[in-house]
Amino acid sequence: IRHIFLVLDSGQVNIIMCTLVLSGLYFIQKDKDVLAGAFFAAAILIKYTPAVFLPYFIYHRKYKVVLWAVFFVMFFLTLPALVVGINKNEFYLFSWFPSIISTSLDNLSYIYSRNQSIFSAFVRFFSPTECKVQIFSLSFDQALFYGRMAALFIYLFVFIPGTSRPKDRIID
């Protein structure tokens, strides 16, 4: 539990996000699509990484979960308008989206040594960076492209059909 408190104290939200995702998966298993969508929407709004579940749910015909998640994302994003007004909330949202893109997808965040993503690993190992661990001589953009392709390749394993028995799908 000390580790959890240290993570929360340092301002990290991964534990909260993972709890929301696990709660969403739990409610999918219980066929409570509205609650599952609400939990996934909350997790997506904390960090957008849980959105990778949505194509998987579409693939497995869990359309209601996806629709509820989209609904709750929009609902949660418009909720502050009750306090600050529609115009100010719209202003906040339109300045928030560029901020996310500029702080999450900038070149510096990819080479930051604490970034443990596969994208970052490809950039650090296959292009010249300050980390000095270059294995191949690729440009930053080429290494990032190959990192994205590797992540997509790994992600596509989820869509390999398994047996039709429900208990065998627990590996999902």
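Predicted model, so just to flag it, every value in this text is computed and none were measured. (Residues numbered from 1 in each chain as written. Predicted model: local features only at pLDDT ≥ 70, side-chain atom pairs only at ≥ 80, totals over all residues. Heavy atoms only, no water.)

(A) Local environment of the overall build of the chain. The secondary structure content of the chain amounts to ten helices and zero strands. In the chain, the succession of α and β elements from N to C terminus is α-α-α-α-α-α-α-α-α-α. Within the chain, the proportion of its 172 residues that are buried is 27%. At a minimum sequence separation of 6, the contacts of the chain that also span at least 24 residues come to 45%. For the chain, the computed accessible surface area is about 12,300 Å², with 69% contributed by carbon and sulfur atoms. (Helix = DSSP H or I, 4+ residues; strand = E, 2+ residues; numbered from the N terminus. Buried < 20%, exposed > 50% of the residue type's maximum accessible area, 1.4 Å probe, protein only. Contact = heavy atoms within 4.5 Å. Areas by Shrake-Rupley, 256 points an atom, 1.4 Å probe, with all protein chains shown as cover.)

(B) Quick peek at the packing of helix 9 (residues 118–126) against helix 10 (residues 140–156). Here helix 9 crosses helix 10 at 140 degrees, and the two axes come no closer than 8 Å. Of the two elements, helix 9 crosses helix 10, and the hand of that crossing is right-handed. In contact with Ile118, Phe119, Phe122, Val123 and Phe126 of helix 9, helix 10 contributes Phe140, Ala143, Leu144, Tyr146, Gly147, Arg148, Ala150, Ala151 and Ile154. (Axes fitted to C-alpha atoms, helices over the stretch in contact; angles between N-to-C directions. Left-handed = near helix turned anticlockwise from the far one by under 90°.)

(C) Examining helix 2 (residues 14–29) more closely. Taking 1.5 Å of rise per residue, the 16 residues of helix 2 would be expected to cover 22 Å, and the 22 Å separating its terminal C-alpha atoms lies within 8% of that figure. Of the positions making up helix 2, those classed as buried are Met17, Leu20, Val21, Ser23, Gly24, Phe27 and Ile28. Projection of helix 2 onto a plane perpendicular to its axis shows the buried side chains occupying an angular sector of 160 degrees, all on one side. Among the exposed residues of helix 2, those pointing more than 90 degrees away from its buried face are Leu22 and Gln29. The secondary structure elements touched by the buried residues of helix 2 are helix 3 (33–46), helix 4 (53–59) and helix 5 (63–78). Note on helix 2: the residue one or two positions beyond its end, Asp31, has a positive phi of about 60 degrees. (Expected span 1.5 Å × (residues − 1). Arc of directions from axis to C-beta.)

(D) The packing of aromatic side chains, seen in detail. Evaluation of the coordinates by the stated rule reveals 17 aromatic pairs. Both rings, one in Phe122 and one in Phe126, keep their centres 5.0 Å apart while their planes meet at 80 degrees; by these two values the pair is edge-to-face. Taken together, the residues span about one helical turn, with Phe122 and Phe126 both in helix 9 at a distance of four residues. Each member of the pair, Phe122 as well as Phe126, is classed as buried. (Phe/Tyr/Trp six-rings, centres within 6.5 Å; stacked < 30°, edge-to-face > 60°.)

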